[in-house]
Amino acid sequence: MADYIHEVRQLVGHRPLILNTAAGAVLNGRHQLLLQERTDTGDWSFPGGYMEFGESFVDTCRREYLEDAGLKVEPIRLLKLFDKDFYTYPNGDQTQLITALYLVKVVGGHELDHVTNETQRVAYFDLDKLPKFFNDQSVKMAQAVIDDVEENQ
């Protein structure tokens, strides 16, 4: 059932929805984090997105990472589940985002080198020099990555 969220939004308009999402965190050898510059706001976020009907969180993470960053990834482990974050998109859509954040490893593909409908570009950032994030949940997700790196060094 492709584009499930779009179909639901056509039915309910901008009303608040609880939506499941998944994202991945890729770190390079210098502990830099790969992020996606969004086309809708120009802010940065983790490659990831909405779960389609019938998908698991892991399936969603894999699909969205390929769409948003051009990379095939394999989740290594769940870093954290975020379930108390709210966001209103510029178009007025209201959401409570339930997001599974995975530490992932790259197993194929190539980083996007062109603009898509969701991604301006992807880039690596030092953990102490992160860009302006898309929403509060992305800030919390970055902190979860930082905490994980510090715990596992």
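Note that the structure is predicted; figures quoted are calculated from it, not measured.

## Examining the side chain of T119
1) Next: Within the fold, T119 resides in strand β7 (residues 119–126).
2) Next: Since its relative accessible area comes to 0%, T119 is described here as buried.
3) Next: Side-chain polar atoms of T119 contact the side chain of Q36, separated by 2.8 Å.
4) Next: If we skip the residues at most four places from it in the chain, T119 touches Q36, E37, T39, D68, L112 and H114.

## Description of the sheet that holds β7
1) Next: An order of β3-β2-β7 is seen for the three strands of this open sheet, with the pairing classed as antiparallel. Strands at the two margins of the open sheet, each flanked by one partner only, are β3 (44–45) and β7.
2) Next: With seven bridges connecting them, strand β2 (residues 32–38) and β7 associate as antiparallel partners. Its bridge partner being in β7, Q32 is matched across the sheet by D126.

## Some details on the environment of G42
1) Next: Secondary-structure assignment places G42 in the loop between β2 and β3.
2) Next: Overall, G42 belongs to the partly exposed group, its relative accessible area being 33%.
3) Next: Each C-alpha atom of the pair G42 and S138 lies 14 Å from the other, and the pair is 96 residues apart in sequence.

## Focus: the pattern of salt bridges
Opposite charge on two side chains permits them to pair, given that their charged atoms come into close proximity.
1) Next: Within the structure shown, the criterion is met by 11 salt bridges.
2) Next: For R62, the salt bridge identified is with E74, shortest N-O distance 2.6 Å. Of this pair, R62 sits in helix α2 (residues 57–69) while E74 is found in strand β5 (residues 71–88), placing the two residues 12 residues apart along the sequence.
3) Next: On the basis of relative accessible area, R62 is assigned to the partly exposed category, the value being 32%.
4) Next: Note on E74: relative accessible area 29%, which makes it partly exposed.
5) Next: Here E64 and R63 are joined by a salt bridge, their closest N and O atoms 3.0 Å apart.

## So, the UniProt feature "domain: Nudix hydrolase" (unreviewed entry) in the chain
1) Next: According to UniProt, the positions carrying the feature "domain: Nudix hydrolase" (unreviewed entry) are residues 16–147.
2) Next: The span residues 16–147 shows a helical share of 19% and a strand share of 48%, and its end C-alpha atoms are spaced 31 Å apart.

## Regarding the nonpolar core
1) Next: A25, L33, L35, F46, L101 and V145 are the most contacted members of the largest nonpolar core, which totals 20 residues.
2) Next: Going through the elements one at a time, β1 (17–25), β2, β5, β6 (94–109), β7 and α3 (136–151) are the ones with two or more residues in this core.
3) Next: Sorting elements by how many residues they give to this core places α3 first, with six residues.
4) Next: When neighbours within four sequence positions are excluded, L33 is seen to be in contact with A25, V26, L27, F46, A123, Y124, F125, L127, L130 and V145.

What counts and how
Residues numbered from 1 in each chain as written. Predicted model: local features only at pLDDT ≥ 70, side-chain atom pairs only at ≥ 80, totals over all residues. Heavy atoms only, no water. Helix = DSSP H or I, 4+ residues; strand = E, 2+ residues; numbered from the N terminus. Buried < 20%, exposed > 50% of the residue type's maximum accessible area, 1.4 Å probe, protein only. Polar contact = N/O pair within 3.5 Å; in protein donor to acceptor, adjacent residues only side chain to side chain. Contact = heavy atoms within 4.5 Å. Pairing = 2+ DSSP bridges. Salt bridge = Lys/Arg side-chain N within 4 Å of Asp/Glu carboxyl O. UniProt positions renumbered as here; feature names shortened; annotations may be inferred. Core = buried A, V, L, I, M, F, W, Y, C linked by side-chain atoms within 4.5 Å.

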